[in-house]
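Each chain is listed here by its residues.
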Amino acid sequence: MLDDLVIRTEQLSKTFNGVAALKPLDLEVRRNSIFGFLGPNGAGKTTTIKLILGLVRPTSGSASVFGHDIVGDTIDVRRRIGYLPQEPHYYEYMTARETLRFTARFFYTGPAAAIEARVNEILELVGLADRADRPIKGFSAGERQRLGIGQAQVNTPDLLILDEPAASLDPMGRRDVLEIMDKLRERSTVFYSTHILDDVQRVSDTVAILNRGELVAQAPIDELLAGSGGTVYAIEVKGDASQARARISGEPWVRDIHIVPDSDRAEWQVSVTDAEAAEAHLLRLVLADEHITVTRFGRKRYNLEEVFLELIEGDDRVR
Amino acid sequence: MSASAALEISTRHGWLVGFGNMVAKEYASWWRTRRAVVHLLLWLFVINAFILLIGLDEGPAGGRNSPLELLEELIEIFIRVGGLFATIGIVVATQSTVVSERQLGTAEWVLSKPVSRPAFLLSKFVVNGASFIWLAVAVPATVFYLQTLLHAYVQPALLPFLAGMLLHIQHLLFYLAFTLMLGTFFHGRGAVSGIAIGFLFGGLILPSFFPWMTGWLPWALPSLAAMAAQQQPLPAGSVIAIIISLLWTLLCILVALWRFEREEF
């Protein structure tokens, strides 16, 4: 099971001038997952990424990437990572081709022709082949981001770390980034931080939420979206539902019914203790009442924004 | 066959991993941009054009000096005055080498790749040093060597002149190491260049009040360089002063490496 872990942190923390940027963090990222790392500004996401890359030193705790210690074996760690910083900065006098060649030479010793071929492959992949020999100083934000994604992939990384990869992109750029991440899932693990919750919900399979330097949740996205109140079914009904409600309340597997009225209809949120029993009987019990019409039935799915806000605001209230 | 199949993956380890690639990058920043040409023209203008003016004023046409006296004067000016400009030049040219990479975020990006911090820093010392010495010492010194024929009708003896140039280079390398070291401590160019140039001018003023300082700091090198190039015997204790200067350079590099290893990006 441990072999399956790409990133493992144990009580990893970082303090800057007495201020805890990251409180002791235990994180596990599994192989071939797309791991969304969420949190408001200043939550400690970038600090965690920089700790993994050896750009800052831990105050306490430890972490490993592919079994290599992030402090003692930092070169081995970085050899297997492709990294796109939040605001990538390159040498402005270099062209896109020179930047990719410079990056590739940290990972490959040769032969030169193969390195050039790899550079050309990446230029094609990120759509910069026609601008390959132009100095970067004339590049737009989108072109810079494409170059950033390209340089992060030049070594065919086992782990791709992206810090806010879509923050400065237009919708098409965002879509391209998500497509690249999805394609990489088969051979790489993607660890990325973002504020854009829609993107996380679309591509991530596991999510961790950080708030004020502290981990408030880490779970597979389906588990997180199912909510913290157990299994909940949502039933939208029209008409007088008092009898049906009384009938359902009497079932031993029904824990609670929460009703959200909405003009001529209402949404029932039925918490159950036995999902199988609910699946088999719930709809049938409601439909037994001839006075009501069911317009929607299904397992309640929260969206990530609801979960995120609930967790962050709940965490803030506790402090 | 895909390109990736033929690629040889680097497995290098050690404290200088990535050094070769960093050297190539630093080299390109000098020689594949206009930077080298600008420096070449600047130093030819500042040093050799200045010597030309002095030579025309004080040369045989002026008739105030004998050829040998004029040669000694020109060597003195070349090393002391030209050297002063070159020292200020190396501080200004390299003041932002570390600072701006840190501020712009390029250092963070590069150091996220498999490259060691000593390789990052030492490549800057090696390439900036070699490039600057080539452009601000080797070329102007060669031109000067030919110029002396024009002005004084004699040339300096080659080996003593080269010995003088070596001491001049040693002086410049100290200021390069000192500037890089300051760049690892301070986050602003002003502090880096201010302290380095302040130290340089301190070397011109303070020894008048505290002569013992000259022997313990790299301030004696310009005068020793001029004396060597003029074939004058070096005063007693010169070798120790030269060795101490070398040790200061080494110390600056070691401190810079120590500090940079602890830098957080």
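No experiment lies behind these values; they were computed from the predicted model shown. (Residues numbered from 1 in each chain as written. Chains lettered and ligands numbered in written order. Predicted model: local features only at pLDDT ≥ 70, side-chain atom pairs only at ≥ 80, totals over all residues. Heavy atoms only, no water.)

Caption draft 1: Broad picture of the interface of chain B and chain A. On the chain A side, the residues contacting the 37 residues of chain B number 35 residues. Between chain B and chain A, the buried area comes to about 3,400 Å², and carbon and sulfur atoms account for 59% of it. Joining chain B to chain A, the criterion identifies two salt bridges. Salt-bridge contacts for glutamate 108 of chain B lead to lysine 50 of chain A; the nearest nitrogen and oxygen are separated by 3.6 Å. A per-element tally of the side of chain B that touches chain A places helix H2 (residues 19–31) of chain B first, with five residues. Partitioned by chemical class, the residues of the side of chain B that touches chain A number 15 nonpolar, twelve polar and ten charged. Where strand S7 (residues 108–110) of chain A meets strand S1 (residues 8–9) of chain B, two bridges bridge the pair, whose relative direction is antiparallel. Looking at the pairing, glycine 110 of chain A lines up with glutamate 8 of chain B of S1 of chain B. (Contact = heavy atoms within 4.5 Å. Buried area = accessible area lost by both parts, 1.4 Å probe. Salt bridge = Lys/Arg side-chain N within 4 Å of Asp/Glu carboxyl O. Helix = DSSP H or I, 4+ residues; strand = E, 2+ residues; numbered from the N terminus. Nonpolar A, V, L, I, M, F, W, Y, C, P; charged D, E, K, R; others polar. Pairing = 2+ DSSP bridges.)

Caption draft 2: Quick peek at the pattern of salt bridges. All names here are of chain A. Per the stated rule, a full pass over the model turns up 29 salt bridges over all chains. When the shortest N-O distance is used, the salt bridge between glutamate 214 and lysine 23 registers 4.0 Å. You can see glutamate 214 sitting in strand S11 (residues 214–220) and its partner lysine 23 sitting in strand S2 (residues 19–30), a full 191 residues away along the chain. You can call lysine 23 partly exposed: its relative accessible area is 28%. In this structure, aspartate 158 engages arginine 80 in a salt bridge whose closest nitrogen and oxygen atoms are separated by 2.8 Å. Remark: arginine 80 occurs in the loop between helix H2 (74–79) and strand S6 (81–84) and aspartate 158 occurs in the loop between helix H5 (141–153) and strand S8 (159–163); sequence separation between them is 78 residues. Overall, the relative accessible area of 28% leaves aspartate 158 in the partly exposed class. Under the relative-accessibility criterion, arginine 80 is labelled partly exposed at 28%. Overlapping salt bridges, with partners in common, bring together Asp4, Arg8, Glu10, Glu28 and Arg30 in one network. (Buried < 20%, exposed > 50% of the residue type's maximum accessible area, 1.4 Å probe, protein only.)

Caption draft 3: Structural context of the packing of aromatic side chains. Applying the stated criterion across every chain yields a total of 24 aromatic pairs over all chains. Centroid distance tyrosine 27 of chain B to tryptophan 31 of chain B: 6.3 Å. Interplanar angle 25°. Geometry classified as stacked. With a gap of four residues between them, tyrosine 27 of chain B and tryptophan 31 of chain B both fall in helix H2, about one helical turn apart. With a relative accessible area of 43%, tyrosine 27 of chain B lands in the partly exposed category. On the accessibility criterion, tryptophan 31 of chain B (30% relative accessible area) is partly exposed. Judged by centre distance (5.9 Å) and plane angle (75°), the ring pair of phenylalanine 260 of chain B and phenylalanine 265 of chain B falls under edge-to-face. The same class applies to phenylalanine 260 of chain B as to phenylalanine 265 of chain B, namely buried. An aromatic cluster of at least three residues, connected via ring pairs, comprises Tyr90, Tyr91, Tyr93, Phe102 and Phe106 of chain A together with Trp109 of chain B. One cation-aromatic arrangement involves lysine 124 of chain B over phenylalanine 120 of chain B; the distance from NZ or CZ to the ring centre is 4.8 Å. Over the face of the ring belonging to phenylalanine 185 of chain B we find arginine 259 of chain B, whose NZ or CZ atom lies 5.7 Å from the ring centre. (Phe/Tyr/Trp six-rings, centres within 6.5 Å; stacked < 30°, edge-to-face > 60°. Lys NZ or Arg CZ within 6 Å of the ring centre and 35° of its normal.)

Caption draft 4: Main features of the side chain of threonine 194 of chain A. Residues and elements named next belong to chain A. Following the sequence through the fold, threonine 194 ends up in strand S9 (residues 189–194). Accessibility expressed as a relative area gives 3% for threonine 194, which makes it buried. Ignoring any residue separated from it by four or fewer positions in sequence, one finds threonine 194 in contact with Phe37, Leu38, Gly39, Lys45, Glu164 and Val200.

Caption draft 5: Highlighting the packing of helix H3 (residues 35–58) of chain B against helix H7 (residues 117–152) of chain B. All names here are of chain B. For the pair H3 and H7, interaxial distance at closest approach is 9 Å and the crossing angle is 30°. Classed by the angle they form, the pair H3 and H7 counts as roughly parallel. In this structure, H3 meets H7 at a crossing whose hand is right-handed. Of H7, the residues touching H3 (which contributes Arg35, Ala36, His39, Leu40, Trp43, Leu44, Ile47, Asn48, Ile51, Leu52, Gly55 and Leu56) are Asn128, Phe132, Leu135, Ala136, Val139, Pro140, Val143, Phe144, Gln147, Leu150 and His151. In terms of residue class, the contact of H3 with H7 is built from 16 nonpolar, six polar and one charged. (Axes fitted to C-alpha atoms, helices over the stretch in contact; angles between N-to-C directions. Parallel < 35°, antiparallel > 145°, perpendicular 65-115°, else oblique. Left-handed = near helix turned anticlockwise from the far one by under 90°.)

Caption draft 6: How the structure looks around the sheet that holds strand S1 (residues 5–16) of chain A. Residue and element names in this part refer to chain A. The strand order across the open sheet formed by four strands is S2-S1-S4-S5, and the pairing between neighbours is antiparallel. One side of each edge strand has no neighbouring strand; the edge strands of this open sheet are S2 and strand S5 (68–69). Looking at chain direction, S1 and S2 are connected through eight bridges and run antiparallel. Each bridged residue has a counterpart across the sheet, and for lysine 14 the counterpart in S2 is leucine 22.

Caption draft 7: The arrangement of the packing of helix H5 (residues 96–104) of chain B against H7 of chain B in detail. Residue and element names in this part refer to chain B. Here H5 crosses H7 at 140°, and the two axes come no closer than 11 Å. On the basis of the axis angle, H5 is oblique to H7. As for the relative orientation of H5 and H7, their crossing is right-handed in sense. Of the residues in H7, those in contact with Thr97, Val98 and Glu101 of H5 are Phe120, Leu121, Lys124 and Asn128. Along the lines of polarity and charge, the residues of the contact of H5 with H7 split into three nonpolar, two polar and two charged.

Caption draft 8: Representation of the domain arrangement of chain A. Each domain of chain A was delimited in the assignment, giving domain 1 (2–225) and domain 2 (231–299). With centres defined by C-alpha atoms, the gap from domain 1 of chain A to domain 2 of chain A works out at 45 Å. (Domains from an automatic or database assignment.)

Caption draft 9: Quick peek at the pairing of strand S13 (residues 254–262) of chain A. As paired strands, S13 of chain A and strand S14 (residues 265–272) of chain A are joined by eight bridges and run antiparallel to one another. Bridge pairing in S14 of chain A places isoleucine 259 of chain A opposite tryptophan 268 of chain A.

Caption draft 10: Up close: empty space enclosed by the protein. For the coordinates displayed, the defined rule picks out two cavities of 30 Å³ or more. Computed from the structure, the largest cavity encloses a volume of approximately 50 Å³. When contributions to the lining of the largest cavity are tallied by element, the ones reaching two or more residues are H7, helix H8 (158–185) and helix H12 (238–261) of chain B. For the lining of the largest cavity, the per-class residue count stands at eight nonpolar, no polar and no charged. Looking at the second largest cavity, its volume works out to about 40 Å³. As for the second largest cavity, its lining consists of Leu84, Ile149, Leu160, Leu162, Pro165, Val177, Ile180 and Met181 of chain A. At the level of elements, S8 and helix H6 (171–184) of chain A are the ones that each hand at least two residues to the lining of the second largest cavity. In terms of residue count, the dominant contributor to the lining of the second largest cavity is H6 of chain A (three residues). A breakdown of the residues in the lining of the second largest cavity according to their chemical character gives eight nonpolar, no polar and no charged. (1 Å grid on protein atoms, 1.4 Å probe; cavity = no way out; pocket = protein on both sides within 12 Å on 5 of 7 lines; lining within 4 Å. Points joined across faces, edges and corners; volume = space filled by probe spheres on them.)

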